[in-house]
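Remarks on the overall topology
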Amino acid sequence: MRRRKIAVAAGCCLSFFLGTLLNVLFIPGFDPHQQQQPPPPPPPPRRGVTPAIAGSPLYWRGGDRESQRLALARQIRERYEEVVRYQQHQAPAAAARRLVRPLERRLMDLAQQRTSAEQTLRLEKGKAPQADSRGGSSPEAKVDLALNPPLLGCRDIHNVTSLHYLGSGYTKAVYKVVLNRTLAVALKSVDFGGHDIENCVKQYAALEDCYRLASYKIVKEMILLQRLQHSNILQLYGYCYQDSNDIPDTLTTITELGSPLEMIQLLQTSWEDRFRICLSLVRLLHYLAHSPLGSVTLLDFRPRQFVIVDGELKVTDLDDASIEESSCTSNRDCFIEFPARNFTLPCSVEGRCQNMNEKRNLYNAYRFFFTYLLPHSAPSSLRPLLDMIVNATGELHWGIDETVAQLERVLHLYKSGTYLQNTTRMPKAEYQQIPEAAIPDENYRCWPSYHHKGCLLSVFDVGEAIEVCENHSQCKAFVLTNQTTWTGRQLVFFKMGSNHIVPDPDKITYVKVTG
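This is a predicted model, so every value here is computed, not measured.

What follows concerns the overall build of the chain. Check the secondary structure of the chain and you find 13 helices and 17 strands. Counting across all 515 residues of the chain, residues that qualify as buried make up 47%. A separation threshold of at least 6 residues defines the contact pool for the chain, and within that pool the share at least 24 residues apart is 70%. Carbon together with sulfur atoms contributes 52% to the accessible area of the chain, which is approximately 27200 Å² in total.

We now examine the sheet that holds strand β9 (residues 312-315). Taking strand neighbours across the sheet as the criterion, the three strands line up as β6-β8-β9 in an open arrangement whose pairing is antiparallel. If you trace the sheet from one side to the other, it starts and ends with β6 (259-260) and β9, each paired once. Where β6 lies against strand β8 (residues 306-309), two bridges are found, and the strand directions are antiparallel. Among the inter-strand pairings, Pro260 is bridged to a residue of β8, identified as Val307. With respect to the sheet, helix α9 (residues 271-289) is in contact with β8 and β9, its orientation differing from that of β9 by roughly 40 degrees.

Here the focus is helix α2 (residues 66-88). Helix length check: α2, at 23 residues, gives a terminal C-alpha distance of 33 Å against a target of 33 Å (1.5 Å per residue), a fit within 8%. Residues of α2 that are buried: Arg69, Ala71, Leu72, Ala73, Ile76, Arg77, Tyr80, Val83, Val84, Tyr86 and Gln87. Close packing links the buried residues of α2 with α6 (195-204), α7 (207-227) and β10 (321-322).

Before going further, it helps to examine the packing of α6 against α7. Where α6 contacts α7, the two axes come as close as 9 Å, and the packing angle between them is 145 degrees. Considering how the two elements wind past one another, α6 and α7 form a crossing that is right-handed. Facing Asp196, Ile197, Cys200 and Val201 of α6, the residues of α7 in contact are Leu207, Cys210, Tyr211, Ala214 and Lys217. Across the contact of α6 with α7, the residue classes tally to seven nonpolar, no polar and two charged.

What the rule picks out here adds up to 16 salt bridges. As a salt-bridge pair, Glu312 and Arg276 come within 3.2 Å of each other at their nearest N and O atoms. Pair noted here: Glu312 is in strand β9 and Arg276 is in helix α9, with a separation of 36 residues, a long-range link. Each member of the pair, Glu312 as well as Arg276, is classed as buried. With a shortest N-O distance of 2.8 Å, Arg283 and Glu408 are connected by a salt bridge. Taken together, the residues span a long stretch of sequence, with Arg283 in helix α9 and Glu408 in helix α12 (residues 400-416) at a distance of 125 residues.

Below, the discussion takes up the state of the cysteines. For the structure shown, the criterion picks out six disulfides. Through a disulfide, Cys200 is tied to Cys210; the S-S separation comes to 2.0 Å. Across the disulfide from Cys200 to Cys210, rotation about the S-S bond amounts to roughly -80 degrees, and the bridge is consequently left-handed. With Cys200 in helix α6 and Cys210 in helix α7, this residue pair connects regions lying 10 residues apart in the sequence. Cys210 shares its class with Cys200; the two are buried. At a sulfur-sulfur separation of 2.0 Å, the disulfide partner of Cys446 is Cys455. Here the disulfide of Cys446 and Cys455 is right-handed, its torsion about the S-S bond being about 95 degrees. For the pair Cys446 and Cys455, a shared accessibility class is recorded, and that class is buried. With its disulfide-bonded cysteines labelled consecutively along the sequence, the chain is connected as 1-4, 2-3, 5-7, 6-8, 9-10, 11-12.

Considering the arrangement of structural elements, one finds Ser215 in helix α7. Residue contacts for Ser215: discarding those within four places in its chain leaves Val190 and Leu251.

Here the focus is the side chain of Glu272. You can see Glu272 is positioned in helix α9. Residue classification places Glu272 among the buried residues on the basis of a relative accessible area of 2%. A polar side-chain atom of Glu272 sits 2.7 Å from a polar atom in the side chain of Ser458. One polar contact links Glu272 to Thr487, side chain to side chain, over a distance of 2.6 Å. Other than its neighbours up to four places away in sequence, Glu272 contacts Tyr414, Tyr450, Ser458, Thr485, Trp486, Thr487 and Arg489.

Reading the values: rules and limits
- Residues numbered from 1 in each chain as written.
- Predicted model: local features only at pLDDT ≥ 70, side-chain atom pairs only at ≥ 80, totals over all residues.
- Heavy atoms only, no water.
- Helix = DSSP H or I, 4+ residues; strand = E, 2+ residues; numbered from the N terminus.
- Buried < 20%, exposed > 50% of the residue type's maximum accessible area, 1.4 Å probe, protein only.
- Contact = heavy atoms within 4.5 Å.
- Areas by Shrake-Rupley, 256 points an atom, 1.4 Å probe, with all protein chains shown as cover.
- Pairing = 2+ DSSP bridges.
- Axes fitted to C-alpha atoms, helices over the stretch in contact; angles between N-to-C directions.
- Expected span 1.5 Å × (residues − 1).
- Left-handed = near helix turned anticlockwise from the far one by under 90°.
- Nonpolar A, V, L, I, M, F, W, Y, C, P; charged D, E, K, R; others polar.
- Salt bridge = Lys/Arg side-chain N within 4 Å of Asp/Glu carboxyl O.
- Disulfide = S-S within 2.5 Å.
- Polar contact = N/O pair within 3.5 Å; in protein donor to acceptor, adjacent residues only side chain to side chain.

Take a look at the structure:
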């Protein structure tokens, strides 16, 4: 009897396991081998293709599934018209006259001489795309992006080196390449194995038109990268149209290269670097709230939409950004829903929800960044102000103007050393100064540290270095380096002894002699 029960139980478990395995393996679009394979790299560019938004003629073969085909045509037209709206929006002259930065000069040196035809292809001011018989903009119209120099194109990416697949999302695949063996850039193109293309092809069986629908998201992102000029927005270097998968004029964009934002790694860095990320973010959101296009909201606001470039946070994905302001007739229409909180904003007399784009960005910054990065391991005298910032943004009591002003205040207090004025700084021990000397060994580890094998921290002055040393039981000496952080604070190595001191003209050593 006992054996029979065991056999029955084993049979049930085996049936459950096999059922689960079959469900997983036969999920539509799931291939356990394909999931680990990156999409193929973009093919070499086709020479002689004019950089322009190349539309795809909507010629349908046969009369079956006509309603679905018309639905796809309507989606393409709507997305194209959205692209045209963003493209035709003229930025103020002040925003267009930006200074050429050193990297841009380098790019201009990299870019090869354009032909006269390429140089003269510019969209005539005030000239609208041709309208079709239904009164809308025709997807066949070509809209030149008219990028200001530096403009990299097909010739520049024809012979790239060190091509490396970085990742992909619903629509795009991203690659890292090196141009002219000197400049690393990112290439973005539509991922033919991605979610958007696969779902569209399954429903409509029209690869070329499905590609065109997806490609307009990249074109929209390119236009926004051009129109929105800010230090915390990824730079657009150029673009190229080429043939791929039997589809003419597939699009590849060339952008600034950044490192993916890894929150786990970021939590292990110093508070100063984490504060820099938050400050970069609010400066970006302040610009987006007052941009030349109006208030811009990031509908797909997640850490993966950002990258790190030289310690600064930059937004890289703008294809889901929007400048549309929600209309309303009462406050009930101005409802913002988040996973943990909901908010109702006032409806203005003009029939628009007040600051909805701005507040949506701000609350997302709070829930994805501020709560994790701002308060933890911050200087004790700054924590009350930081807690106030986190609480005010979490309740949407402040707008972006007040938030950026308060974070700039924190930066001033930190850089100037004012935050140390209310702390007791009476050394418990005496320290001997040894100029032009260093201690190469006798390290100990602390957290967070700028060095993974030693205790390397930033300080405002020698007084703060002494305070840090006295708070570490292992510390018997410290070495001031000639290196500084982004705020101008000095980097200091803290040591557990001073038995081996060597000459070093760029360092000053302090050794604890009493206490």
